[in-house]
Structure formats: C-alpha cells, structure tokens
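Commentary on secondary and tertiary structure
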Amino acid sequence: TIFSPLLFQKKVPAFDVAVRSLIHLHLLVQGSRQAYAQLIQLQANESPLTFKQFLSLHKQLTLFLNSPKEFYDSIKVLETAIILRHLGCSARAVTTFKPYFSETQREAFYTKALHVLHTFPELSPSFARLSPEQKTLFFSLRKLANYDELLALTNTPSFQLLSVGR
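This text gives an overview of the structure that appears in the document. (Residues numbered from 1 in each chain as written. Predicted model: local features only at pLDDT ≥ 70, side-chain atom pairs only at ≥ 80, totals over all residues. Heavy atoms only, no water.)

Side note on the overall build of the chain
Threshold: Each helix is a run of H or I in the DSSP string that is no shorter than four residues. Each strand is a run of E no shorter than two, and both are numbered from the N terminus. Only protein chains enter the accessibility calculation, which uses a 1.4 Å probe. A residue is then buried if its area is under 20% of the maximum for its type, exposed if over 50%, and partly exposed in between. When checking whether two residues touch, look at their non-hydrogen atoms; a contact exists if any pair is within 4.5 Å.
Helix and strand counts for the chain stand at 11 helices and 0 strands. From first element to last, N terminus to C terminus, the chain shows the α and β order α-α-α-α-α-α-α-α-α-α-α. Across the 166 residues of the chain, 41% fall into the buried class. Restricting to contacts in the chain with at least 6 residues of sequence separation, those with at least 24 account for 55%.

Below is the structure:
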C-alpha cells in the first residue's frame, strides 16, 4: 500500500515504509483474528503468514515490548524509532540538524542524529516526549544485531530478533 501520493502528490518511499511499519506493529501487537486478516490483506504480494505464525509473532513481540518492566509504554519507543529511522533524513530534518552536521545519506544521518539527540533531545519532538527511561531503551535498541529488521516491520521480524528482548 502506498500512502504518500495521497498526502504529497508524489511517492515518498521512506514515508510509505514508516507508515506500513507502524500499521504492521500495531496489528502484530493486537494479535486478534481481525488484525491477522488486515495484515494478510496488506501483505497481498508476499507469502502470507499462517495464523499460528502470526500468534507466535504476537506473543514474541508482546514479550519483547513488556520485557523491561521499568519502562512505561515500550511501543511508543518503537514508534519513535521507526519514524526517526525512516523519516529522519527529510529536508526539514536536515535543516534542523544542520548546525551540528551536514550529512544527507540516510544511514549516516540517522547515526549522527542519534548522537546529537543525546545532548539536544528537543530537536525531535517525538523523541523529546519520551521519558528518560524510554530514551535509555531507545538508545539501547541500537545494540541489537538485527536493529534494522525491527524498524522495518513491513517484513516479518525474525524469532531470533524478538527473542533478544527477553
């Protein structure tokens, strides 16, 4: 599903991946038959998950999100990471971070932006809204071996990745 032409009158692939990832995240967290049916509709071109696989992923993702008991609302951390990962290198973001660095390549921009956010969290409103504990969790996500897989939930996250959070 492509959403960007509706909003921007042109394709913006990073926006579409971010929106699809957020939708998939919420459907996997819901874990209901209705959520499964919606996910299957969104994955029309891919080989669909079985309901058993969907439930297993739901359980693994729920355990991953609930594993750090001291962190409130871990899903907000994932949402923020997905948005910053896929939309962080927009023209607006490049302008915002320009006093600190001038990188425009997406991967390098994201890495440098995370370093700047340690000191200046207000540069990203969604990041600034996170509690100190959520910010710690946000930065600890980068230590996961399959970090990119977690933030591109248009692909099914692997069981290996989700088991790391337990």
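Observations concerning the layout of surface pockets
The test is simple: Only protein atoms enter the 1 Å grid, on which a cavity is a set of points fitting a 1.4 Å probe that cannot get out and a pocket is an open set with protein on both sides within 12 Å along at least 5 of 7 lines, lining residues being those with an atom within 4 Å of a point. Grid points are joined across faces, edges and corners, and a volume is the space filled by probe spheres set on the points. Any residue outside Ala, Val, Leu, Ile, Met, Phe, Trp, Tyr, Cys, Pro, Asp, Glu, Lys and Arg is labelled polar, Gly included; the first ten of those are nonpolar and the last four are charged.
Taken as a whole, the largest pocket encloses approximately 500 Å³ of empty space. Lining the largest pocket are 25 residues, and of these Leu84, Leu87, Gly88, Ser90 and Ala93 sit closest to its centre. Going through the elements one at a time, helix 2 (13-30), helix 5 (74-87), helix 6 (91-97), helix 7 (106-119) and helix 8 (125-128) are the ones with two or more residues in the lining of the largest pocket. The biggest single contributor to the lining of the largest pocket is helix 7, with 5 residues. Looking at the lining of the largest pocket residue by residue, the classes come out as 16 nonpolar, 6 polar and 3 charged.

With respect to the pattern of salt bridges
Condition: Salt bridges are counted wherever a side-chain nitrogen of Lys or Arg sits within 4 Å of a carboxyl oxygen of Asp or Glu.
Under the counting rule described, the total for this entry stands at 1 salt bridge. Between Lys112 and Glu103 there is a salt bridge; the shortest N-O distance is 3.6 Å. Residue classification places Lys112 among the partly exposed residues on the basis of a relative accessible area of 36%.

Observations concerning the nonpolar core
Test applied: For this analysis, a nonpolar core means a set of buried residues of the types Ala, Val, Leu, Ile, Met, Phe, Trp, Tyr and Cys, connected via side-chain atoms within 4.5 Å.
Residues Phe54, Phe97, Leu117, Phe127 and Phe138 are the most contacted members of the largest nonpolar core, which totals 35 residues. Listing elements by their share of this core, those giving two or more residues are helix 2, helix 3 (33-42), helix 4 (51-66), helix 5, helix 6, helix 7 and helix 9 (132-141). When residues no more than four places from it in sequence are discounted, the contact partners of Phe138 are Val77, Thr80, Ala81, Leu84, Tyr110, Leu114, Phe127 and Leu130.

Notes on the packing of aromatic side chains
Aromatic ring pairs: the centre-centre distance and the angle between the two ring planes describe each pair. The condition is simple: The criterion for an aromatic pair is that two Phe, Tyr or Trp rings (for Trp, the six-membered ring) have centres within 6.5 Å, with stacked assigned to planes under 30 degrees apart, edge-to-face to planes over 60 apart and tilted to the rest. Only when the NZ of Lys or the CZ of Arg is both within 6 Å of the ring centre and within 35 degrees of the ring normal is a charge said to sit over the ring.
All told, the structure shown has 10 aromatic pairs when counted by the stated rule. Each ring, one from Phe127 and one from Phe138, has its centre 5.2 Å from the other, and the planes form 65°; the classification is edge-to-face. Within this pair, whereas Phe127 is found in helix 8, its partner Phe138 is found in helix 9, the two being separated by 11 residues in sequence. Residue classification places Phe127 among the buried residues on the basis of a relative accessible area of 0%. Taking relative accessible area as the criterion, Phe138 reaches 0% and is therefore assigned buried. Grouped by ring-pair contacts, the aromatic residues Tyr36, Phe51 and Phe54 constitute a single cluster. Geometry around Phe51 places Arg33 over its ring, the cationic atom sitting 4.0 Å from the centre.

Looking at the side chain of Gln134
Rule in force here: Definition of a polar contact: a pair of N or O atoms within 3.5 Å, with one able to donate and the other able to accept a hydrogen when the atoms are protein atoms, and with sequence-neighbouring residues admitted only if both atoms are side-chain atoms.
Structurally, Gln134 is set in helix 9. Engagement of the side chain of Gln134 in a polar contact is seen with the backbone nitrogen of Ser131, the distance being 2.8 Å.

Considerations on the side chain of Lys135
The line we're drawing: Positive: Lys, Arg. Negative: Asp, Glu. His and the chain ends are not part of the count.
Residue placement: Lys135 occurs in helix 9. No salt bridge is formed by the buried Lys135; its nearest oppositely charged neighbour, Glu122, is found at 7.6 Å. When residues no more than four places from it in sequence are discounted, the contact partners of Lys135 are Pro121, Phe127, Ala128 and Leu130.

Things to note about helix 3
Keep this limit in mind: Read the arc as the range of directions from the helix axis to the C-beta atoms.
Listed as buried for helix 3 are Ala35, Tyr36 and Leu39. What you see down the axis of helix 3 is that its buried residues fit within an arc of 100°, all on one side. Counted as exposed and oriented over 90 degrees from the buried face of helix 3: Arg33, Gln34 and Gln41.

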